[in-house]
Amino acid sequence: MPAAGQTAMALELMALEAPALDGWLRWLQATPFATVIAENDNLFPFIESVHVVAIALVIGTIAIVDLRLLGLASRDRAAGRLIGEVLPYTWAAFGVAAIAGGLMFASNATTYAYNFYFQGKLLLMGLAGLNMAIFHLFTGRDVARWGTAERTPLGAKAAGAVSLALWIGVVAFGRKVGFTLH
Amino acid sequence: MYPHLTLPIARTLNDFCVWLDGTALSQVIQSQAWIVPTVQSIHILAFALVVASALMINLRLTGIFARDQSLDRISARFLPFIWWPMLVLLATGAIMIIGEPARALKNPVFQVKVLLVIAAVIVTCIFQRMRRNPALGDPTHGPRAAPRVIAAISMVLWVSIIFAGRWIAYA
């Protein structure tokens, strides 16, 4: 399997080129709490399920905002107001997802860290964050002006479309991690 | 392992799983490695829409969210994002069942999930009927307990369904 070969190579490379990081990952997964999560029959599935609920809420609420930016849904709600109402729940869910994800990561740090799809997932999330930041800095600045207009500006549509595409990618890559663990 | 497997219905189920596993469609799903992960991802995206929409309605039901808009209006916005994705969930779920019949149909966790889904659909249908009741949507003058109970039951059901869905892999 190509992925196995890549991971094995990546492991060797990382151990050689980033011994500090590799060392830290090995230390992390050897800690008592990480070991408990890895070995307990019910703990990992429970944390994973919490993670799935949390990411469902992250993506679902982001989709609500993105569909508004694209002018496809919630058109009866001013965009700025909708974003202000929904985003706190997005952040809360993201926090839970990150904590659950961090716990799962810790339980098998080297395997996840060197997994192509896990790395891709983090990258896509970073890009999604960047997209959100760009939106807030530019188009989102005067959302009060265009938030109730018939059509949303191009910048908002672009931000919404890019966001949806990136988060769909996060889900796809995230799911693929489970199929490529060694 | 499972005492109920001696019942006639269990043998019928077993025969059905064996038959389904042998169909051409099932073989295709099993042999093409990309199908199950892709279908699972679509399944996740669909229930993300469902649970987020349910949360928004339930938050309005308890008077926390968007109180300036009526419950009926909020429901009109979000209920379509429960019903339409549910069709996608059924379709993707069907593909996963056809691809791995025994893993799904004979698994008690999956069976519990199906019951929970039926319960969630019933609760959503009941809510669909009640949403126009102005008393329900008024957090200050309407009933306090009933909306909260409905909202709590709804969220517990959706979250339990997601937990059950993940736990299929571990049972």
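Note that the structure is predicted; figures quoted are calculated from it, not measured.

Calculation notes
- Each chain has its residues counted from 1, following the order in which its sequence is written.
- Chains and ligands are labelled by the order in which they are written, letters from A for the one and numbers from 1 for the other.
- Two thresholds apply to this predicted model, a pLDDT of at least 70 for residue-level local features and 80 or more for giving and counting side-chain atom pairs, whereas whole-chain, interface and lining totals are computed over all residues.
- Helix and strand labels come from DSSP, where a helix needs a run of H or I of at least four residues and a strand needs a run of E of at least two; each type is numbered from the N terminus.
- It is the C-beta atoms, placed from the backbone, that decide contacts: two residues are in contact if theirs lie within 7 Å.
- Axis definition: a line fitted to C-alpha atoms, limited for helices to the stretch in contact. Angles are taken between N-to-C directions and run from 0 to 180 degrees.
- In this scheme, roughly parallel covers angles under 35 degrees and roughly antiparallel covers those over 145, while 65 to 115 is roughly perpendicular and the rest are oblique.
- By convention, the crossing between two helices is left-handed when the near helix turns anticlockwise from the far helix through less than a right angle, and right-handed when the turn is clockwise.
- Three classes are used. A residue is buried when 20 or more other C-beta atoms lie within 10 Å of its own, exposed when 12 or fewer do, and partly exposed in between, with C-beta atoms placed from the backbone.

A. Region of interest: the overall build of chain B. Along the backbone of chain B there are nine helices and zero strands. Secondary structure of chain B in N-to-C order comes out as α-α-α-α-α-α-α-α-α. Referenced to the eigenvectors of the C-alpha coordinate spread, the extents of chain B come out at roughly 60 × 35 × 25 Å. Sequence-distant contacts in chain B: of pairs separated by 6 or more residues, those separated by 24 or more amount to 79%.

B. Focus on the interface of chain B and chain A. Taken together, the contacts link 21 residues of chain B with 21 residues of chain A. Counting only elements with at least two residues in the side of chain B that touches chain A, the list comes to helix H3 (35–61) and helix H9 (145–167) of chain B. Among the elements that take part in the side of chain B that touches chain A, H3 of chain B stands out by supplying 12 residues, more than any other.

C. Seen up close, the packing of H3 of chain B against helix H5 (residues 80–99) of chain B. All names here are of chain B. Look at H3 against H5: their axes get within 9 Å of each other, and the N-to-C directions meet at 155°. The angle between H3 and H5 places the two elements in the roughly antiparallel class. The handedness of the crossing between H3 and H5 comes out as left-handed. Every residue of H5 that contacts H3 at Ile35, Val36, Val39, Ile42, His43, Ala46, Phe47, Leu49, Val50, Ser53 and Ala54 is listed here: Phe81, Ile82, Pro85, Met86, Val88, Leu89, Thr92, Gly93, Ile95, Met96 and Gly99.

D. A look at the environment of Ile64 of chain B. Residues and elements named next belong to chain B. By secondary structure assignment, the location of Ile64 is in the loop between H3 and helix H4 (71–78). For Ile64, a count of 12 C-beta atoms within 10 Å corresponds to the exposed category. Along the sequence, Ile64 and Ala48 sit 16 residues apart, while their C-alpha atoms lie 21 Å from each other.

E. Summary view of the environment of Ser163 of chain A. All names here are of chain A. Mapped onto the elements of the fold, Ser163 is located in helix H9 (residues 154–179). Residues Ser163 and Leu127 lie 36 residues apart in sequence; the distance between their C-alpha atoms is 8.8 Å. With residues near it in sequence (within four places) discarded, Ser163 still touches Ile62, Asp66, Ala128, Asn131 and Met132.

The values are spatial; any link to function lies outside them.
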